[in-house]
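Take a look at the letters that make up each chain.
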Amino acid sequence: MATFISLPTEVVLLLIECLHNIEDYVNLSSTCRTMRLALGSATPNTILRLAAAQSRIFFRPSPEFLVAATARELGNWARLSDANEATLVTSCQAGVEGVLDLALQQCGLTLPYIRKLHAMRFSIFNPVTDIIDRCVGQQWYSTPDFWDGGVDDAYTIRADPSSTLFHLAIYGELFGPDLAKYIEGHESWSSHRSLKVETRLEFIKYCLPDFACELMGDVNSSQSQNGIIDPRRDVKPVGPYAKSVGGTSYETWPNDNNLALVWVLQSTRWRPHWKRVRQKAGVDFQEDFQDTWWFDEEDESDWRQRLWENVMVCQGLEGLAMIMPELQDAWLERIQEWRTKIAALDLEPETIRVVRQGTHDYPFLLGDLRICVSGFVSGT
């Protein structure tokens, strides 16, 4: 008598389209060896689709977790053509949810990588989230005498530390690969197609939504000399900035996602972790280096130090292991190599001005963040 498992593999694979989520897939593939082998032929895109169906259960924060997991592949797809990059920009304007929708069309996941990510949640994501919580979360706010000198950066910031971690990781996964163009030297990477500065800013504006970004504070900080808002700084009432009926308030009020990440990058509870691992790999180019909230074109800080620190923090999900003492030794050779190549560079990377603020043509996270909230602090 014919049985279910005697069906041809191509027929069994049709069952995947009837599954609701990743849990159904795992359970079905666990029923017997035949089914496991047959379902092992499922495409990475199918696995991603099933995972997305349970993103709020197994892949939190949602949708940031799955976007981070697919962002490197999505960034590589966007680099293939101007049309692909324009599609990425359009998806960013729908927020992180829009980026996940695009990833569902262009990217995939495998079960081995999902298992790796699950292990990383305990070895990397949770411990780093705890550090971030001490920078902008409940632990930070719980510091005794918070507003009276208990911390050196007291401010009102509404943030979710776990989301902040994944915002950092997504930026690194999407744009971090372009840093190789500057580390390796322009000649050897002359044909490398990088994602545009404008694309990075669209990502920051809409995928790290922030009231400070849309507010634009001091209007003069967002306008050019002729009084027109620079399109790189303009924020449309779409995606996370969509207004409720009547147009007076947000449909969903965003956290202070941009400000939170700026505060983390500059925090005295964050930076020492990175300094310790750098000291294992080599001497800083500038011992007392620290970027500030304001862009200063006459800044005499060592640009090589800025590039080295930025390269390290923009390595995506796996790169966060650099600040885990038990995991960082695996990164030391790479960190040393980055330093050696940066030390050999002769030309300072180009600065990109957006009204009063500035970033670099390489993916400079802090600069991109500052541009997108320019005007929120008077003078910026």
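Here goes a summary of the coordinates provided. (Residues numbered from 1 in each chain as written. Predicted model: local features only at pLDDT ≥ 70, side-chain atom pairs only at ≥ 80, totals over all residues. Heavy atoms only, no water.)

Observations regarding the overall build of the chain
Next, step 1: Assigned secondary structure in the chain consists of 20 helices and two strands.
Next, step 2: Over its C-alpha trace the chain gives a radius of gyration of 22 Å, about what one expects of a compact globule, namely 21 Å for 380 residues.
Next, step 3: The buried share of the chain, taken over its 380 residues, is 53%.
Next, step 4: Contacts in the chain between residues far apart in sequence, at least 24 positions, make up 74% of those at least 6 positions apart.
Next, step 5: The positive charge centre, built from 35 side chains, and the negative charge centre, built from 51, are 4 Å apart in the chain. (Helix = DSSP H or I, 4+ residues; strand = E, 2+ residues; numbered from the N terminus. Rg over C-alpha atoms; globule rule 2.2 N^0.38 Å. Buried < 20%, exposed > 50% of the residue type's maximum accessible area, 1.4 Å probe, protein only. Contact = heavy atoms within 4.5 Å. Lys, Arg positive; Asp, Glu negative; His and termini not counted. Charge placed at Lys NZ, Arg CZ, Asp CG, Glu CD.)

Concerning the pattern of salt bridges
Next, step 1: Overall, the coordinates contain 19 salt bridges when judged by the stated rule.
Next, step 2: The partner of Asp152 in a salt bridge is Arg269, and the shortest N-O contact between them spans 3.8 Å. Taken as a pair, Asp152 in the loop between helix H10 (138–141) and helix H11 (161–175) and Arg269 in the loop between helix H15 (257–266) and helix H16 (271–281) lie far apart in primary sequence, 117 residues in all.
Next, step 3: A salt bridge links Glu337 to Lys341; the shortest N-O distance between them is 2.9 Å. In this pair, Glu337 and Lys341 both sit in helix H19 (residues 332–343), four residues apart, roughly one turn of the helix.
Next, step 4: Residue Glu337 is classed as partly exposed on the basis of its relative accessible area, which comes to 38%.
Next, step 5: Each of Arg271, Arg278, Asp284 and Glu309 takes part in one network of salt bridges that share partners. (Salt bridge = Lys/Arg side-chain N within 4 Å of Asp/Glu carboxyl O.)

So, the layout of surface pockets
Next, step 1: Of the voids in this model, the largest pocket is the one considered here, and its volume is about 450 Å³.
Next, step 2: What lines the largest pocket is a set of 24 residues, and nearest its centre among them are Glu97, Pro209, Pro240, Thr252 and Pro254.
Next, step 3: Sorting the residues of the lining of the largest pocket by element identifies helix H8 (96–106), H11 and helix H13 (197–207) as the ones contributing at least two each.
Next, step 4: Per-class residue counts for the lining of the largest pocket are ten nonpolar, eight polar and six charged. (1 Å grid on protein atoms, 1.4 Å probe; cavity = no way out; pocket = protein on both sides within 12 Å on 5 of 7 lines; lining within 4 Å. Points joined across faces, edges and corners; volume = space filled by probe spheres on them. Nonpolar A, V, L, I, M, F, W, Y, C, P; charged D, E, K, R; others polar.)

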